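Architecture at a glance
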Amino acid sequence: MKIIDEPDRLSYRNVWTISECSNGGIHPVSYELLGIARKLAAERGCEVWTVAMGNALEGKLGSLIAYGADKVISVDDACLRAFNDELECHILERLINKYRPEIVLCAATSRGRALIPRLAGKIHAGLTADCTGLTIDPESGNLLQTRPAFGGNIMATIKSADFRPQMATVRPKVMPMPEPGPGRTREIIREAVEAADKLNIKEILRTVERHEATVNLSDARIIVAGGRAMKGPDGFRLLEAFAKQIGGAVGASRAAVDNGWIAYPHQIGQTGATVQTDLYIACGISGQIQHLVGMQSCKTIVAIDIDDTTPMMKLADIAVKGDLFEIIPNIMKEIGKGE
Ligand SMILES: Cc1cc2nc3c(=O)[nH]c(=O)nc-3n(C[C@H](O)[C@H](O)[C@H](O)COP(=O)(O)OP(=O)(O)OC[C@H]3O[C@@H](n4cnc5c(N)ncnc54)[C@H](O)[C@@H]3O)c2cc1C
């Protein structure tokens, strides 16, 4: 919403996060958002509120309080069992108009990416996607939203000075996970789904289990990722066997995904997932900046490439020069001997 004058600006207060609730529970990124929200709220001298939309939420909301919410707005309804971006957008629009938060943070997950640009467009608010840093400008009190720009070559800091709320998305694992504080007692505000929220929305007839559920990149401690050098789907069968042997998950560069050799949820990088594993094994991935931004925080990086001058080989803690189709089977054979 365009802010016209100072009193209007001052009527917006508190830092909100949108928590991601599904049948499986609360997505861990919701807690990461609460961690950064607490820091921002401390600087603004205000409260942290989180909005939880879903079905059968009782029993799940306590953790949101433990991780930092002062107030939880719970919208618990059977019609929210399956994610529906239009419906959740209508509800959030109504809640934002009612409570007027100053800042709204949402996860840059597939759900958040479907929901939040729609909401920002509806309420005419500024939105900065995929922020890696969020602070408060000490002079103006505005939210400073930092994110990579121009393919990750520069960091841009963006302000939405004339609009409220200020909205930003953050990818999973970019912000640190806060420590839960047991024993916090705070308030739960219960809001109903109203008839107007459901007007003119598409009806979900059937929900297909998301492919991401089987990919688990963000929880993996080891990732074996393949690039263009995998040459096709069969190359990824080799990586799957390798990953299984060492208890890891399979990742991919965009080149491999664009070629249709592996599904998009496996993509790592600027337009894919951000990961922070203990071990990242890059197989035939040159390491362009758009890939590096998604994995450069991994603790130990191993690169296998025929060319030892690539950015990935330079970044790696261990760089192995050679043909991956020889090296990986040899490593698997050696590991197999010890099993
Ligand atoms: C806006 C934008 C967003 C993007 N987002 C992403 C993103 O999210 N993720 C992403 O990955 N990319 C992204 N890209 C694409 C990115 O710029 C690169 O094109 C891509 O990462 C390259 O993939 P690659 O490293 O697999 O392929 P290449 O750059 O072609 O590298 C292949 C590597 O394999 C090596 N090789 C070849 N054969 C063998 C062999 N037999 N054994 C061992 N090594 C071998 C080669 O020496 C080379 O280093 C994006 C680009 C743009 C413009």
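Every value quoted in this text rests on a predicted model; they were computed, and no experiment measured them.

Next up on the list: the overall build of the protein. Check the secondary structure of the protein and you find ten helices and 16 strands. Since a compact globule built from 339 residues should have a radius of gyration of about 20 Å, the 22 Å found for the protein is in line with a globular shape. Based on the C-alpha atoms only, the size of the protein along its principal axes is roughly 65 × 45 × 40 Å. Of all 339 residues assigned to the protein, the portion counted as buried reaches 40%. Long-range contacts, defined as pairs at least 24 residues apart, comprise 65% of the intrachain contacts of the protein with a sequence gap of at least 6.

So, about the site of the ligand. Taken together, 28 residues lie around the ligand, and Gly227, Ser253, Arg254, Gly269 and Ser286 are the ones closest in. Residue assignment for the shell around the ligand shows that the elements contributing at least two residues are helix 7 (254-258), helix 8 (289-292), strand 15 (300-305) and helix 10 (324-338). A per-element tally of the shell around the ligand places helix 7 first, with three residues.

The next thing to look at is the nonpolar core. Proteins that are soluble and globular tend to have nonpolar side chains buried together. Counting 50 residues, the largest nonpolar core has Leu33, Leu64, Leu105 and Val170 as the members making the most contacts within it. The element contributing the most residues to this core is helix 2 (residues 29-44), with seven residues.

Once that is clear, we can look at the pairing of strand 14 (residues 279-283). Within strand 14, four of the five residues are buried, leaving the element largely enclosed by the surrounding structure. Here strand 12 (residues 222-226) runs beside strand 14; their pairing, made up of five bridges, is parallel. Looking across to strand 14, one finds that Ile223 is bridged to Tyr280. Bridge count for strand 14 against strand 15 is five bridges, and the pairing is parallel. Each bridged residue has a counterpart across the sheet, and for Tyr280 the counterpart in strand 15 is Ile301.

Rules used in this analysis
Residues numbered from 1 in each chain as written. Predicted model: local features only at pLDDT ≥ 70, side-chain atom pairs only at ≥ 80, totals over all residues. Helix = DSSP H or I, 4+ residues; strand = E, 2+ residues; numbered from the N terminus. Rg over C-alpha atoms; globule rule 2.2 N^0.38 Å. Buried ≥ 20, exposed ≤ 12 C-beta atoms within 10 Å, placed from the backbone. Contact = placed C-beta atoms within 7 Å. Near = placed C-beta within 6 Å. Core = buried A, V, L, I, M, F, W, Y, C linked by C-beta atoms within 7 Å. Pairing = 2+ DSSP bridges.

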